[in-house]
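Fold and contact review
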Amino acid sequence: MPFYKINGQPVHMRGSKLPPACVAAVGLALSGQGPCMAISGFLCDWPTVKGRTCDRALCDAHAQPVGKNKHYCPEHFVQHKDASRQLGLFTSLVQP
Ligand SMILES: [Zn+2]
Ligand SMILES: [Zn+2]
């Protein structure tokens, strides 16, 4: 039986075709907070190895939109932002 957290309350849901719970970490890592556990509506689309994606289950709050039907988990969204920033810096060096 899948287990979710809704509004901070643990909830067990009945059903066979339920989405996985959101795995995004909430709160500070050091404070020992667990994953979000909300009902997910998205999967991380960050490409990992050839033809595969990160596929972390993400709820509405944690799926970071990066394009049409494309979402990244918070961790990969940071990497994505870093990559774009570096690219921007590189471009500005090449074209002063
Ligand atoms: Zn979440
Ligand atoms: Zn990811």
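Description of the structure in this document. These numbers come from a predicted model, not from an experiment.

Comments concerning the overall build of the protein chain
For the protein chain, the count of helices and strands is one helix and six strands. For the protein chain, the succession of helices and strands along the chain, N to C, is β-β-β-β-β-β-α. The buried share among the 96 residues of the protein chain stands at 23%. The long-range fraction of contacts in the protein chain, counting pairs at least 24 apart against all pairs at least 6 apart in sequence, stands at 29%.

Digging into the pairing of strand β2 (residues 9-12)
Along any regular strand the residues' side chains alternate between the sheet's two faces. As paired strands, strand β1 (residues 3-6) and β2 are joined by four bridges and run antiparallel to one another. Among the inter-strand pairings, Y4 is bridged to a residue of β2, identified as V11. Counting the residues between successive antiparallel strands, the hairpin from β1 to β2 contains two residues, one of them, N7, with a positive phi of roughly 50 degrees.

Concerning the environment of V26
By secondary structure assignment, the location of V26 is in the loop between β2 and β3 (42-43). With ten residues separating them along the chain, V26 and C36 place their C-alpha atoms 5.6 Å apart.

A closer look at unusual backbone geometry
Not every positive phi belongs to a glycine, and M37 is a case in point at roughly 70 degrees. Residue placement: M37 occurs in the loop between β2 and β3. For D55, which is not a glycine, the phi torsion comes out positive at approximately 60 degrees. Along the chain, D55 turns up in the loop between β3 and β4 (57-58).

Calculation notes
Residues numbered from 1 in each chain as written. Chains lettered and ligands numbered in written order. Predicted model: local features only at pLDDT ≥ 70, side-chain atom pairs only at ≥ 80, totals over all residues. Helix = DSSP H or I, 4+ residues; strand = E, 2+ residues; numbered from the N terminus. Buried ≥ 20, exposed ≤ 12 C-beta atoms within 10 Å, placed from the backbone. Contact = placed C-beta atoms within 7 Å. Pairing = 2+ DSSP bridges.

Any link to function would need more than the numbers given here.
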